Amino acid sequence: MEQPVALTWHTQGQHVLYDEATGGWRMAGSDPLPVRRLAWVSDYGSVPPLSASEGIGNDIDAARNLLIKGDNLFALRALLPSLASKVDFVYIDPPFNTGRNSGPYADNLDHGLWLSMFEERAALAKELIREGGVFAAHLNTVEQAYVRVILDGLFGRENFVSQVSWQRAPDRTLLGQGVAPINDCLEYILIYSKGPLRRDLPPPTKEEPISWKTLKTYSRLIRMSKEREKVAEFTDRQGNEVNIFVHDWFSMEPAGIENLRHAYFHSWRVMKPFFPYLCRLTNQQRESTFQQQLLSQMPDKDRLYSAEFVQARGKHKGLRTRYYLNGQVILFLKDISELRGNRVVRVADMNNLWTDDEVPATGIANEGGVALKRGKKPERLLSRLIRSFSLEGDLVMDFFAGSGTTGAVAHKLNRRWIMVEANEKSFSMCRKRMESVVDGTDPRGISREAGWNGGGGFTIMRVQ
Ligand SMILES: C[S@@+](CC[C@H](N)C(=O)[O-])C[C@H]1O[C@@H](n2cnc3c(N)ncnc32)[C@H](O)[C@@H]1O
């Protein structure tokens, strides 16, 4: 059996608390902490009625979206009796311990104290997570390696799911710690499951923007009749039937490079009706005897042929129809991409390098209508994580809420959510942001692609 490897440090096991008076941190020794309950503050939008026990004993109803004001250590402890093993996905984005203390929140803890702060909260989060549920911690290079060791110990090395590297800043250092010879442009998301990862999550996919260079090659529009006449048939080497048809009529015209450019740089709304017909022509591979065999059955110039055959391997495995004109094959934009909302994107399997192109950190200053300089994460980043590790109706939690990105995205994606924030200013931002999400007056972030128009509600509580 593998022997455990653990990290130890001088303040391990000490409680580290948020100090409301200074907005910084305070050591609180290692004696058991007092129990602090949650008190109801207010409701917004439509929420389940508050049961008597929720007010007094804190028997929190898991169906309730919750925004909690206070130190997350006490909030997590207060939630445990009612929500142990009920949370599907936890994402946290704690202060990275960058040594900066001038920003909107304190970020210069002693290294050991930071680890103590993190470890105790991560252990509580694990208790709240359901079997097979997921924990994701967002960090930068300062504490990432230490947290990896702590989480290996807490969740088990066998339950490590992934470490995502997000290219947060393409061309500059974020750390701001003197002159670094190599710019640091990455942040990391460490992902673990509690026990073996649940099996009901579909394999994560990602949307990659299509480049202008690729898009502009799909510069023709083709329309064709459904009526077609079989002109040939043969059997391929695997013994599958191949049928070749000629179509009664078709038209092919230029899509107009200006139209394409407009669609690419502005909005696809104009091109939407044309999307299924955008195509390009390409020569067949000469070395493919099968393709040559197909073409030999299509002798007429300027006639549209189609072939039905069985593809044995690859992404398009199975019965396929392909179209041919003048010895060339017709490739459709819709076969390599999708129109999602107003964008044309390629849908690919998720990997663990999230580039600045895919998830830009720029242009998010106004997301949610609130400003959290430096700390705010893009809604698109949270959307990727929440879609990958939860289903509609699931419970998502973030106990370092900041400007409330996690709650906003979870709400728009029809998940339930709980957020905790200790800082008064950040808490007010979360509140304002969630109110506009509920009202349907937050048009930014993922609202459009999620088709979000408002609805639902949430309850505000505070740590007493
Ligand atoms: C990096 S920010 C999170 C940003 C967030 N992901 C977003 O997109 O806006 C970290 C937040 O954790 C909060 N925080 C720090 N210590 C906390 C504690 N003990 N309890 C609750 N919140 C805390 C800070 O006030 C800060 O707003």
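Because the structure is predicted, anything quoted here is derived from the model rather than measured. Throughout this document, residue positions are counted from 1 along each chain, in the order its sequence is written. At least 70 in pLDDT is required for a residue's local features to be given in this predicted model, at least 80 for side-chain atom pairs to be given and counted, and no such filter applies to totals for whole chains, interfaces and linings, which use all residues. Water and hydrogen atoms play no part in the side-chain values, which are based on all heavy atoms of the structure.

Student: Lay out the overall build of the protein chain in plain terms, naming residues and giving numbers.
Tutor: Only DSSP runs of H or I covering at least 4 residues are called helices, and only runs of E covering at least 2 are called strands; the numbering of each starts at the N terminus. The secondary structure content of the protein chain amounts to 11 helices and 23 strands. Along the first, second and third principal axes, the C-alpha set of the protein chain runs to 85 × 55 × 45 Å. Surface accessibility follows the Shrake-Rupley procedure with a 1.4 Å probe radius. Residue values consider only the protein chains on display as shielding. Total accessible area on the protein chain is roughly 22,500 Å²; 49% of this is exposed by carbon and sulfur atoms. Under this rule, positive means Lys or Arg and negative means Asp or Glu; His and the chain ends count for nothing. Where a charge sits is defined by one atom per residue type, namely NZ (Lys), CZ (Arg), CG (Asp) or CD (Glu). Put simply, the protein chain has 60 plus and 55 minus side-chain charges, and the middle of one group is 4 Å from the middle of the other.

Student: Please set out the site of the ligand residue by residue, giving values where relevant.
Tutor: Whether a residue is near a molecule or strand depends on its heavy atoms: it is near if one of them lies within 4 Å of it. As a matter of local geometry, the ligand sits amid 24 residues, with Asp93, Lys377, Ser403, Thr405 and Glu421 nearest to it. Polar contacts, as counted here, are pairs of nitrogen or oxygen atoms within 3.5 Å of one another; within protein the pair requires one atom able to donate a hydrogen and one able to accept it, and residues that are adjacent in sequence qualify only if both atoms are side-chain atoms. Asp71 places a side-chain nitrogen or oxygen 3.0 Å from a nitrogen atom of the ligand. At 2.9 Å from an oxygen atom of the ligand is found a main-chain nitrogen or oxygen belonging to Lys377. For the ligand, whose unbound accessible area comes to 610 Å², protein coverage reaches 99%. Charged means Asp, Glu, Lys or Arg here, nonpolar means Ala, Val, Leu, Ile, Met, Phe, Trp, Tyr, Cys or Pro, and polar covers whatever is left, Gly included. For the shell around the ligand, the per-class residue count stands at 9 nonpolar, 9 polar and 6 charged.

Student: Could you give an account of the sheet that holds strand E18 (residues 338-340), with specific residues and numbers?
Tutor: Two strands form a pair only when DSSP identifies at least two bridges running between them. Strand order in this open sheet of 3 strands is E9-E19-E18, and the pairing throughout is antiparallel. Each edge of the open sheet is held by one strand with a lone partner, namely strand E9 (205-209) and E18. Adjacent strand axes in the sheet meet at a mean angle of 55°, parallel and antiparallel pairs treated alike. Where E18 and strand E19 (residues 343-349) come together, 3 bridges link them in antiparallel fashion. Within E19, the residue paired with Arg340 across the bridge is Arg343. Comment: axis = line fitted to C-alpha atoms, over the contacting stretch for helices; angle = value between 0 and 180 degrees taken between N-to-C directions.

Student: Provide a residue-level description of the domain arrangement of the protein chain, including the pertinent values.
Tutor: Domain boundaries assigned for the protein chain yield domain 1 (16-204 + 350-463) and domain 2 (212-340). Spacing between the C-alpha centres of domain 1 and domain 2 amounts to 46 Å. Domain limits in this description derive from either an automatic procedure or a database domain assignment.

Student: Let's hear about the nonpolar core: which residues, and what values?
Tutor: Put simply, a nonpolar core is a bunch of buried Ala, Val, Leu, Ile, Met, Phe, Trp, Tyr and Cys residues held in one set by side-chain atoms that sit within 4.5 Å of each other. Throughout, exposure labels follow a simple rule: accessible area from a 1.4 Å probe, protein chains only, divided by the maximum for the residue type, with under 20% read as buried, over 50% as exposed, and the rest as partly exposed. The biggest cluster of nonpolar side chains holds 47 residues, and the ones touching the most others in it are Ile68, Leu79, Phe118, Phe135, Leu151, Met397 and Phe399. Looking at which element gives the most residues to this core, the answer is helix H3 (residues 111-128), with 9 residues. Within the second largest apolar cluster, 35 residues are counted, among which are Val359, Leu382, Met419 and Met434.

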